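# Understanding the architecture of this molecule
Chain residues, written in single-letter form:
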Amino acid sequence: MAKAIVTGANGFIGKHLVEKLLAKNIEVYAISRSQDSFDKRVNVHTIDLLNPHLCDFFKESKINLIFHLAWESSSGNLRANIDEQLKNIAIANNVCKLAKNINCDRIICTGTVYEELCGKIDIAKSFVPMSYYLYTKRYVYNIMRQFSLQNSIKLVWCTFCHPIGKYNKTNQVIADSIIKLKKGLPLNFGYGENYFDIIAVADLVNGLYLAAHSNLEHTRYYIGSNSPAKFNEYLTRIRDMLSPNAVLHFDENKKDGLDLNKEWLDCSLFNHETGYIPYTDFYTSIMQLAEWLGRIEQ
């Protein structure tokens with residue numbers, strides 16, 4: 001039986017990935033701060049990834065894969081905290097050491113398409129709150145790539161834009177918008193002409209699984225919906241589905257020059273090399289999220 005370590009296994013994407021791996025008969029070793037909510041088949045290690053003795057917790061002679069999903073302070077105001085973001089470099093170092101120690105064949109990491117904004121942030125004339133987060137993401141990618149080349153371990157860095165589904169944080173923009181629409185609350189947004197890409201989390205974890213089991217030629221891939229759109233178009237469609245009479249407010253004066261380029265949301269390379277196809281249509285993904293949010297809001 002194939003074996004895989006999953007860091008951040010108790011997070012939004014991690015929970016879905018663990019379910020996917022178990023369904024594929026892969027033995028899962030979860031690294032999490034909590035033992036809550038795991039299937040009894042999962043080997044749970046409640047250990048801090050900053051622990052310098054991380055390798056000592058894994059005595060297996062061979063674990064084929066590591067899915068590195070964990071990231072300290074990946075959302076909210078702590079993205080702008082340099083000390084919090086720098087912890088992720090030490091974590092990446094520990095994950096690299098672990099991979100070498102267990103003779104791992106492949107490391108699958110989750111990045112973000114927003115890393116592409118680093119070039120625009122470089123020339124920004126004022127502080128960008130998410131800059132520490134994005135620069136650290138890009139740095140971690142670079143050092144892990146060099147480590148993988150040095151030790152003949154395949155690194156696959158998977159980026160995406162905005163996954164949605166069960167376990168979504170309610171402060172995420174789409175989940176928050178759905179909650180407000182259902183409650184009849186006002187929805188006010190900044191610039192709405194920026195490109196965006198919503199992907200069902202089930203499709204994303206299928207992409208991560210394919211990244212682990214495909215013969216890949218490259219290191220960085222974007223996993224998306226195959227149909228990105230402008231943010232205001234997405235919100236209008238969601239409004240029409242859930243609360244057609246609601247009014248959406250977009251402030252065109254809040255454009256900050258940090259928009260995603262549409263070509264960054266192209267996943268044709270990943271599709272070609274893995275056979276990836278997103279199976280969940282937009283309507284289904286929104287309605288499933290709305291149903292789940294309705295249950296937890298009760």
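One can find the structure itself at the top, above this paragraph.
What comes next is a walk through the structure. (Residues numbered from 1 in each chain as written. Predicted model: local features only at pLDDT ≥ 70, side-chain atom pairs only at ≥ 80, totals over all residues. Heavy atoms only, no water.)

## Describing empty space enclosed by the protein
- Summed over all chains, the structure comprises one cavity of 30 Å³ or more.
- The calculated volume of the largest cavity comes to roughly 40 Å³.
- Forming the walls of the largest cavity are His68, Leu69, Ala70, Trp71, Cys109, Thr110, Lys137, Val140 and Trp157.
- Looking at the lining of the largest cavity, the elements with two or more residues in it are β5 (106–110) and α4 (131–151). (1 Å grid on protein atoms, 1.4 Å probe; cavity = no way out; pocket = protein on both sides within 12 Å on 5 of 7 lines; lining within 4 Å. Points joined across faces, edges and corners; volume = space filled by probe spheres on them. Helix = DSSP H or I, 4+ residues; strand = E, 2+ residues; numbered from the N terminus.)

## Brief notes about unusual backbone geometry
- Phi angles above zero are rare outside glycine, and Asn25 is one such case at about 60 degrees.
- Structurally, the position occupied by Asn25 is in the loop between α1 (12–23) and β2 (27–32).
- Its relative accessible area of 54% is what places Asn25 among the exposed residues. (Buried < 20%, exposed > 50% of the residue type's maximum accessible area, 1.4 Å probe, protein only.)

## A word on the environment of Thr112
- Structurally, Thr112 can be placed in the loop between β5 and α3 (118–122).
- Sequence separation of Thr112 and Phe160 is 48 residues, and the distance between their C-alpha atoms is 5.2 Å.
- Residues within four places of Thr112 in sequence aside, it is in contact with Tyr133, Leu134, Lys137, Thr159 and Phe160. (Contact = heavy atoms within 4.5 Å.)

## Topic: the nonpolar core
- Of all hydrophobic cores here, the largest spans 104 residues; its most connected members are Phe67, Met144 and Ile174.
- Broken down by element, this core gets its largest block of residues, eight residues, from helix α6 (residues 201–213). (Core = buried A, V, L, I, M, F, W, Y, C linked by side-chain atoms within 4.5 Å.)

## Concerning the layout of surface pockets
- Volume-wise, the second largest pocket comes out at about 150 Å³.
- Lining of the second largest pocket is provided by His16, Ile164, Gly165, Lys166, Ala200, Val201, Ala202, Thr280, Ser285, Gln288, Leu289 and Trp292.
- Looking at the lining of the second largest pocket, the elements that each hand over two or more residues are α6 and α9 (282–297).
- The element that contributes the greatest number of residues to the lining of the second largest pocket is α9, accounting for four residues.
- Broken down by class, the residue content of the lining of the second largest pocket amounts to six nonpolar, five polar and one charged. (Nonpolar A, V, L, I, M, F, W, Y, C, P; charged D, E, K, R; others polar.)

## A word on the sheet that holds β5
- Taken in spatial order, the seven strands make up an open sheet running β3-β2-β1-β4-β5-β6-β11, and their pairing is parallel. For this open sheet the edge positions go to β3 (43–46) and β11 (220–222), each flanked by a neighbour on one side alone. Shown here is a sheet whose adjacent strand axes are inclined to one another by a mean of 20 degrees, direction ignored.
- This element, helix α2 (residues 82–101), spans β1 (3–7), β2, β4 (65–68) and β5 of the sheet and lies at about 170 degrees to β4.
- Running over the sheet, α6 touches β4, β5 and β6 (154–159) and is turned about 155 degrees from β5. (Pairing = 2+ DSSP bridges. Axes fitted to C-alpha atoms, helices over the stretch in contact; angles between N-to-C directions.)

## Topic: α6
- Between its first and last C-alpha, α6 extends 19 Å over 13 residues, near the 18 Å set by a 1.5 Å rise per residue.
- Counting buried residues along α6, 11 of its 13 residues qualify, which places the element largely inside the surrounding structure.
- Listed as buried for α6 are Val201, Asp203, Leu204, Val205, Asn206, Gly207, Leu208, Tyr209, Leu210, Ala211 and Ala212. (Expected span 1.5 Å × (residues − 1).)

## Let's talk about the pairing of β1
- Within β1, five of the five residues are buried, which leaves the element mostly enclosed by the surrounding structure.
- By the bridge criterion, five bridges tie β1 to β2 in an arrangement that is parallel. Considered in β2, the bridge of Ile5 is made with Tyr29.
- Considered for its hand, the β-α-β crossover made up of β1, α1 and β2 is right-handed.
- Of the pairings in the sheet, the one linking β1 to β4 comprises four bridges and is parallel in character. The residue bridging Ala4 from the neighbouring strand is Leu65, located in β4. (Right-handed = clockwise from strand over helix to strand, strands pointing away.)

## A few points about the packing of aromatic side chains
- The tally for this structure, following the rule as stated, stands at 13 aromatic pairs.
- Consider the rings of Tyr167 and Trp292, whose centres lie 6.2 Å apart with planes at 75 degrees: the pair is edge-to-face. Here Tyr167 is found in the loop between β7 (162–164) and α5 (173–183), whereas its partner Trp292 is found in helix α9, with 125 residues between them in sequence.
- With relative accessibility at 11%, the residue Trp292 sits in the buried group. (Phe/Tyr/Trp six-rings, centres within 6.5 Å; stacked < 30°, edge-to-face > 60°.)

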